[in-house]
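Survey of secondary and tertiary structure
Next come the chains, spelled out residue by residue.
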Amino acid sequence: MSDPTRILYVDDESDIRLIVQMALKLDPNFDVRTAESGDAALNLLTTDGWRPDLAMIDVMMPGMSGPELLGILRADARTASIPVVFVTARARPEDVDEYLAAGAFGVITKPFDPLQLAPQVRDILSD
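Residues numbered from 1 in each chain as written. Predicted model: local features only at pLDDT ≥ 70, side-chain atom pairs only at ≥ 80, totals over all residues. Heavy atoms only, no water.

1. Structural notes on the sheet that holds strand β1 (residues 5-10)
Taken together, the 5 strands give an open sheet; going across it, the order is β2-β1-β3-β4-β5, and neighbouring strands pair in parallel fashion. Of all the strands in the sheet, the pair left with one neighbour each is β2 (30-35) and β5 (106-109). The mean angle between the axes of side-by-side strands here comes to 20°, regardless of whether they run parallel or antiparallel. (Pairing = 2+ DSSP bridges. Helix = DSSP H or I, 4+ residues; strand = E, 2+ residues; numbered from the N terminus. Axes fitted to C-alpha atoms, helices over the stretch in contact; angles between N-to-C directions.)

2. Some remarks on the pattern of salt bridges
Taken as a whole, this structure holds 8 salt bridges when the rule is applied. Measuring nitrogen to oxygen at the nearest pair gives 2.7 Å for the salt bridge that ties R78 to D76. Accessibility expressed as a relative area gives 46% for R78, which makes it partly exposed. Several salt bridges converge on common partners, so that one network encompasses R90, R92, E94 and D95. (Salt bridge = Lys/Arg side-chain N within 4 Å of Asp/Glu carboxyl O. Buried < 20%, exposed > 50% of the residue type's maximum accessible area, 1.4 Å probe, protein only.)

3. Here's the deal with the pairing of β1
With 5 of 6 residues buried, β1 is to be regarded as a mostly interior element. In the sheet, β1 pairs with strand β3 (residues 54-58) via 4 bridges, with the strands oriented parallel. When the bridges of β3 are listed, Y9 appears paired with M56.

4. Re the side chain of D27
Residue placement: D27 occurs in the loop between α1 (14-24) and β2. Looking at D27, the relative accessible area reads 15%, which means it is buried. Once residues lying within four places of it in the same chain are set aside, the contact partners of D27 are A118 and R122. (Contact = heavy atoms within 4.5 Å.)

And the structure:
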């Protein structure tokens, strides 16, 4: 059996974090952790040495936005190589182009189908 795929989901809305966590756990090979803010995500990534195989980050959060968090992750050698996917309702083509230009690996549009989220993430990881 292979090691589980580690996923970090960052969103300020607790109900969305719970839905995403439950949806991703439908895939038994996903090890999911969540954070309620960019600061909490940075704390998790820099203090306990846990490294996700993928970070899924909400774009619009109070305090530190998703794109700001991505910039900090890319600037730190410890986190620079973590693939980031934005999960957002702001997904006009020009928004998506901006996220990808900033270094995002992909974009998942809200609202999403919880039953399709794990296969969607698996597809992103296999690209």
